[in-house]
Amino acid sequence: MSVDVLNETEFAVDELELLDCARYVLTQMRVHPAADLCITLVDEAAMETLHVQWMDLPGPTDVMSFPMDELRPGAEGEEPTEGNLGDVVLCPTVAARQASEAGHAPIEELLLLTTHGILHLLGYDHAEPDEEREMFELQRQLLLTFLATRNRPAG
């Protein structure tokens, strides 16, 4: 699968970690191996512009997702659909503030937001309580299993 990580900010980010997380989530969700995804990190001014333009909400936010081909997770035993998954846009300074408030590292917040953004691209939402439970539980499982397997030697 083709995953691009573009850092358009001065914020130092482990882009390979974001790439590994995205690939892990896409594989676990059975997204077609030829699917395309772009993760872009932007500053607060750029994120605020997107937030106002697309959500009609003031101020910068942490993550926004822009689906392209409306791909969905692959079902067990079925060939997933090939296409362009879309774009996840992250704001690392907002993520860093949230990480500080939550008591964890900024990269962990960015990994969480990457997972969250990809799930949105795959059609998950959290507008209703049952949708929120489903999405956040899946997000938690994906992130925890990714974190448990990272930095381990292959074997």
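Scope of this entry: the structure provided in the associated data block. Keep in mind it's a predicted model, so treat the numbers as computed, not measured. (Residues numbered from 1 in each chain as written. Predicted model: local features only at pLDDT ≥ 70, side-chain atom pairs only at ≥ 80, totals over all residues. Heavy atoms only, no water.)

## Description of the environment of E109
Line of reasoning, step 1. Among the structural elements, E109 can be located in helix 4 (residues 106–121).
Line of reasoning, step 2. The class for E109 is buried, based on a relative accessible area of 6%.
Line of reasoning, step 3. If sequence neighbours within four positions are ignored, E109 has contacts with A95, Q98, A99 and H104. (Helix = DSSP H or I, 4+ residues; strand = E, 2+ residues; numbered from the N terminus. Buried < 20%, exposed > 50% of the residue type's maximum accessible area, 1.4 Å probe, protein only. Contact = heavy atoms within 4.5 Å.)

## Notes on helix 1 (residues 15–28)
Line of reasoning, step 1. Compared with an ideal rise of 1.5 Å per residue, which puts 14 residues at 20 Å, helix 1 spans 20 Å between its outermost C-alpha atoms and is within 8% of the ideal.
Line of reasoning, step 2. Every buried residue of helix 1 is accounted for by E17, L18, L19, C21, A22, Y24, V25 and L26.
Line of reasoning, step 3. On the buried face of helix 1, the contacting elements are strand 1 (2–7), strand 2 (36–41), strand 4 (84–90), helix 4 and helix 5 (129–149).
Line of reasoning, step 4. Its side-chain oxygen 3.2 Å from the backbone nitrogen of L16, D14 forms the N-cap of helix 1.
Line of reasoning, step 5. Once helix 1 finishes, R30 follows within two positions and takes phi at roughly 55 degrees, a positive value. (Expected span 1.5 Å × (residues − 1). Polar contact = N/O pair within 3.5 Å; in protein donor to acceptor, adjacent residues only side chain to side chain.)

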